[in-house]
Amino acid sequence: MVLAHQLAIENSNINVEIIEANDFYDVASRYNVRSVPQTTINDGIGVVLGAVPESHLLKEIFHALHP
Amino acid sequence: MADKVLNEEINAQVKEMFDHQLLHHVEIIYFSKREPCETCEDTYQLLGEIASLSEKLHLSAYNLDENPQLAELYNVKLAPGLVILGYESGDLLDYGIRFSGIPSGYEFSSLIHTIILVSRRDSGLQPEIREDLKRLMYPVNLKVFVTPT
């Protein structure tokens with residue numbers, strides 16, 4: 001997921017972990033991953049399913065921070 | 001000689017991308033662990049092959065269990081774990097970019113592109129997205145779960 005990394009490069013408040021769900025099944029199940037890609041924001045205050053355009057991901061991040 | 005992970009065609013493609021697009025040096029820190037780790041060895045070999053394609057890429061390897069302070073500094077808890085760092089005036093530049101697990105399949109190309117972006121110190125995002133991102137003042141952690149296919 002290059003998009004998430006692009007956000008991390010642009011804004012130093014953002015950090016990104018790409019996690020291989022098969023390698024870390026326990027972590028994936030802790031975050032209720034049922035399909036990939038899944039983007040979990042701040043350990044669960046928001047979740048984005050699927051590959052989405054950058055504007056959509058950004059909107060979800062702002063919405064999670066300021067519901 | 002051990003078998004290569006990358007075939008000649010991929011090697012040539014990636015080398016050409018690196019030759020044309022890498023700008024500044026990039027440090028790749030790889031973490032393994034002591035207990036059995038199914039994909040650690042393959043990941044390390046893959047990274048070695050990638051790093052050998054450009055003199056701007058530097059690979060260092062550590063063991064999570066033997067280097068707990070370094071692992072904590074970079075907030076790496078899983079192995080294989082990767083940290084992709086830039087350089088600015090000789091100092092490491094941490095954008096907060098981590099990979100956990102072997103970057104194979106689609107994530108291989110994701111890793112290559114991320115290395116290039118870090119090397120160029122440029123997100124490549126559209127101007128309006130960059131503008132929107134300026135409003136983001138709070139710490140955000142994104143965990144992106146993927147599979148190789």
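Residues numbered from 1 in each chain as written. Chains lettered and ligands numbered in written order. Predicted model: local features only at pLDDT ≥ 70, side-chain atom pairs only at ≥ 80, totals over all residues. Heavy atoms only, no water.

S.K.: Quick question: what am I supposed to make of the packing of aromatic side chains here?
M.R.: Geometrically, a pair of aromatic rings is defined through the distance of the ring centres and the angle of the planes. Considering all chains together, one arrives at three aromatic pairs over all chains under this definition. Aromatic pair Phe31(B) and Tyr62(B): ring centres 6.0 Å apart, planes at 35°, arrangement tilted. Of the two residues, Phe31(B) is situated in strand E1 (residues 26–32) and Tyr62(B) in strand E2 (residues 57–63); the sequence distance between them amounts to 31 residues. Among the residues examined, Phe31(B) registers a relative accessible area of 0% and is labelled buried. Relative accessible area serves as the criterion here: at 30%, Tyr62(B) is assigned to the partly exposed category. Over the face of the ring belonging to Phe62(A) we find Arg135(B), whose NZ or CZ atom lies 4.4 Å from the ring centre. (Phe/Tyr/Trp six-rings, centres within 6.5 Å; stacked < 30°, edge-to-face > 60°. Helix = DSSP H or I, 4+ residues; strand = E, 2+ residues; numbered from the N terminus. Buried < 20%, exposed > 50% of the residue type's maximum accessible area, 1.4 Å probe, protein only. Lys NZ or Arg CZ within 6 Å of the ring centre and 35° of its normal.)

S.K.: Just checking my understanding: could you explain the sheet that holds strand E4 (residues 91–100) of chain B for this structure?
M.R.: Strand pairing in a sheet relies on backbone hydrogen bonds, with the paired strands running either antiparallel or parallel. As summarised here, the arrangement of the eight strands in space is E3(A)-E2(A)-E5(B)-E1(A)-E4(B)-E3(B)-E1(B)-E2(B), forming an open sheet in which the pairing is mixed. Two strands close off the open sheet at either side, each with one partner strand: strand E3 (46–49) of chain A together with E2 of chain B. Geometrically, the sheet is characterised by an average inter-axis angle of 20° between neighbouring strands, direction not taken into account. Of the pairings in the sheet, the one linking E1(B) to strand E3 (residues 81–88) of chain B comprises six bridges and is antiparallel in character. Bridge assignment links Ile28(B) to a residue of E3(B), and that residue is Ile84(B). Contacts from helix H1 (residues 2–10) of chain A reach strand E1 (14–20) of chain A together with E4 and strand E5 (140–146) of chain B within the one sheet, and its direction differs from that of E4(B) by about 155°. (Pairing = 2+ DSSP bridges. Axes fitted to C-alpha atoms, helices over the stretch in contact; angles between N-to-C directions. Contact = heavy atoms within 4.5 Å.)

S.K.: What is the right way to look at the nonpolar core in this model?
M.R.: Within soluble globular proteins, side chains that are nonpolar tend to cluster in buried spots. Grouped together as the largest cluster of nonpolar side chains are 61 residues, with contacts concentrated most on Phe18(B), Ile50(B) and Ile115(B). For this core, the leading source of residues is helix H4 (residues 106–120) of chain B, giving seven residues. Residues contacting Ile50(B), with those up to four places away along its chain left out, are Leu6(B), Phe18(B), Leu57(B), Phe108(B), Leu111(B), Ile112(B) and Ile115(B). Residues Ile19(A), Phe24(A), Val27(A) and Tyr31(A) belong to the second largest nonpolar core, which totals eight residues. (Core = buried A, V, L, I, M, F, W, Y, C linked by side-chain atoms within 4.5 Å.)

S.K.: So what exactly am I meant to see when it comes to the state of the cysteines here?
M.R.: Note on terminology: disulfide describes a covalent bond linking the sulfur atoms of two cysteines. All names here are of chain B. Tallied over the full model, the rule gives one disulfide over all chains. One disulfide bridge connects Cys37 with Cys40, the sulfur atoms lying 2.0 Å from each other. When the S-S torsion is 80°, as for the bridge of Cys37 with Cys40, the disulfide is right-handed. Classification of Cys37 as buried rests on a relative accessible area of 19%. A residue is classified by how much of its surface remains accessible, and Cys40, at 6% relative accessible area, is buried. (Disulfide = S-S within 2.5 Å.)

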